[in-house]
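Examining the three-dimensional arrangement
Chain by chain, the residues run as shown.
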Amino acid sequence: MKKIAIIGKQQLLSIRQKMQQYLIDNGLEADILDMETRNVLDWTDKMKGYNGIISCGEKFPAEVFERLHGDLELISRYGVGTDEIDKVAAAEHGVAVCNAAGSLSTAVAECAMGLILAVLRSIPESDREVRNNDWSRFFQSKTGNQIQDKTVGIIGFGDISQALAKMLSGFSCKVIAYDIFWNEEAAKRLNVEYATIEQIQQQADIISLHVPSTPQTNGMINKEFLSKCKPNAILINTGRGRLVVPEDLADALNNGVIRGAGMDVFFPEPPDPSNPLLTAKNTVLLPHTGACTIESHLKAGMMAAKNVADFFTGKEVKTILNPDYLKNK
Ligand SMILES: NC(=O)c1ccc[n+]([C@@H]2O[C@H](COP(=O)([O-])OP(=O)(O)OC[C@H]3O[C@@H](n4cnc5c(N)ncnc54)[C@H](O)[C@@H]3O)[C@@H](O)[C@H]2O)c1
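An account of the accompanying structure is given in this report. (Residues numbered from 1 in each chain as written. Predicted model: local features only at pLDDT ≥ 70, side-chain atom pairs only at ≥ 80, totals over all residues.)

On a plain count of helices and strands, the protein comes out with 13 helices and twelve strands. Taken over C-alpha atoms, the radius of gyration comes to 21 Å for the protein, in line with the 20 Å a tight globule of 329 residues would show. On the principal axes, the C-alpha backbone points of the protein span a range of 70 × 45 × 35 Å. The 329 residues of the protein split such that 44% are buried. Of all intrachain contacts in the protein linking residues separated by at least 6 positions in sequence, the fraction that spans at least 24 positions is 68%. (Helix = DSSP H or I, 4+ residues; strand = E, 2+ residues; numbered from the N terminus. Rg over C-alpha atoms; globule rule 2.2 N^0.38 Å. Buried ≥ 20, exposed ≤ 12 C-beta atoms within 10 Å, placed from the backbone. Contact = placed C-beta atoms within 7 Å.)

Bridge count between strand β1 (residues 3-6) and strand β2 (residues 29-32): four bridges; the pairing is parallel. Counterpart to alanine 5 in the pairing with β2 is aspartate 31. Read from β1 through helix α1 (residues 13-25) to β2, the crossover connection turns out right-handed. (Pairing = 2+ DSSP bridges. Right-handed = clockwise from strand over helix to strand, strands pointing away.)

The geometry of helix α5 (residues 105-120) relative to helix α8 (residues 159-169) is characterised by a closest axis approach of 8 Å and an angle of 55° between their N-to-C directions. Considered as vectors, α5 and α8 are oriented oblique to each other. Judged by the twist between their axes, the crossing of α5 over α8 is right-handed. Where α5 abuts α8, its residues Ser105, Thr106, Val108, Ala109, Ala112 and Met113 lie against Asp159, Ile160, Ala163, Leu164 and Met167. (Axes fitted to C-alpha atoms, helices over the stretch in contact; angles between N-to-C directions. Parallel < 35°, antiparallel > 145°, perpendicular 65-115°, else oblique. Left-handed = near helix turned anticlockwise from the far one by under 90°.)

Time to look at the sheet that holds strand β7 (residues 174-178). Taken together, seven strands build an open sheet; the order of strands is β8-β7-β6-β9-β10-β11-β12 and the sheet is parallel. If you trace the sheet from one side to the other, it starts and ends with β8 (192-194) and β12 (283-285), each paired once. On average, each strand axis in the sheet is inclined to that of its neighbour by 20°, with strand direction left out of account. Strand direction decides the pairing type here: strand β9 (residues 206-209) and strand β10 (residues 234-237), joined by four bridges, are parallel.

Here the focus is the sheet that holds strand β4 (residues 74-77). A sheet is described by the order of its strands in space; here five strands give the open sequence β2-β1-β3-β4-β5, paired in parallel fashion. Edge positions in the sheet fall to β2 and β5 (96-98), since each of these pairs with one other strand and no more. In this sheet, neighbouring strand axes are inclined to one another by 15° on average, regardless of whether the strands run parallel or antiparallel. Taken strand by strand, α1 contacts β1, β2 and β3 (52-55), and its axis lies near 165° from that of β2.

The local shell around the ligand holds 30 residues, among which Gly156, Gly158, Ile160, Pro212 and Gly290 are the closest. Contributions of two or more residues to the shell around the ligand are made by α5 and α8. Sort the elements by how many residues they give to the shell around the ligand and α8 lands first, with three residues. The class makeup of the residues in the shell around the ligand is twelve nonpolar, 14 polar and four charged. (Near = placed C-beta within 6 Å. Nonpolar A, V, L, I, M, F, W, Y, C, P; charged D, E, K, R; others polar.)

Glancing now at unusual backbone geometry. In most cases, non-glycine residues show a negative phi, while peptide bonds are predominantly trans. A cis amide bond, omega -5°, links phenylalanine 267 with the succeeding residue proline 268. Among the structural elements, proline 268 can be located in the loop between β11 (260-263) and β12. A cis amide bond, omega -5°, links glutamate 269 with the succeeding residue proline 270. Residue position: proline 270 is located in the loop between β11 and β12. For serine 141, which is not glycine, the phi dihedral falls at a positive 45°. Backbone geometry places serine 172, a non-glycine residue, at a positive phi of 55°. Within the fold, serine 172 resides in the loop between α8 and β7.

As structure tokens, this is what we get:
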């Protein structure tokens with residue numbers, strides 16, 4: 001009988017138990033393991049003998065696959081981003097990596113919406129002022145901006161962006177987007193126009209990042225990028241911390257190159273106390289809780305468990321991210 005480990009102790013135990021039951025009902029042996037660190041390298045002795053691991057953002061560097069060679073066949077990500085898993089090394093050892101694509105889209109898109117509104121209307125700052133009996137914002141008519149009729153530039157037009165575009169249409173925004181693999185069907189359906197990065201810089205009042213962290217995207221939001229944006233632009237990052245050079249973004253915010261930023265993600269996490277974004281002007285910061293809704297966690301967890309059951313019963317798993325693994329199986 002194939003053995004599965006469910007790791008990720010930050011996730012609700014009740015959801016992990018539901019996943020465990022689903023796996024057992026599908027003829028698999030399943031254990032819930034609490035790991036003390038988020039690097040599986042520290043834990044490979046406890047992972048020996050497991051054929052599948054359901055992970056939740058833990059690090060899987062190349063050495064993990066050397067140490068678990070022979071037993072491990074699948075890592076099923078309870079979530080979407082897999083930049084923390086060395087997928088090339090996994091494939092070299094015949095290990096497939098899949099994710100729960102689309103399961104978190106509504107939650108993250110709603111979080112991006114919340115950050116847009118929070119930055120445009122200075123909601124967290126106003127909250128702090130009211131608690132300090134400071135009503136100057138009202139008496140001096142310090143104004144924010146409406147979202148209505150703004151141009152929103154989305155970078156990476158995948159699942160989360162498409163959910164966001166749908167929400168933005170309700171606010172009468174013009175949505176433009178860039179992606180290396182353009183989805184014309186989704187664009188037409190959601191009334192989104194293709195734009196180059198340069199057009200997004202020139203036209204967007206709100207720029208929202210939804211690309212994965214890759215060698216091509218890491219550091220894409222740097223001094224040069226920001227210098228070409230509109231001075232009233234706000235940047236929203238619910239993608240990955242590595243997309244942004246924090247020093248360059250903090251400089252741009254503090255010097256009025258752009259107007260504000262809403263960030264759900266950092267690198268590393270938690271951010272170093274010296275990260276200049278922690279003290280930059282006009283920022284709203286969240287602790288990577290974009291996907292943290294009970295609805296999305298349940299959906300992601302059950303999708304991750306289904307992917308495992310499908311994989312070990314020979315059914316197709318559509319979200320395998322390193323199909324090369326088959327060459328080394
Ligand atoms: N904040 C959170 O809690 C949270 C939760 C889930 C996902 N995420 C992040 O959001 C990202 C997007 O998630 P998704 O579900 O929409 O993924 P997705 O795979 O559906 O969409 C990503 C899109 O980015 C495009 N892309 C990749 N490289 C690109 C490049 N160099 N330039 C332009 N486009 C590029 C892809 O073609 C794809 O369409 C994830 O990779 C993850 O890093 C964050």
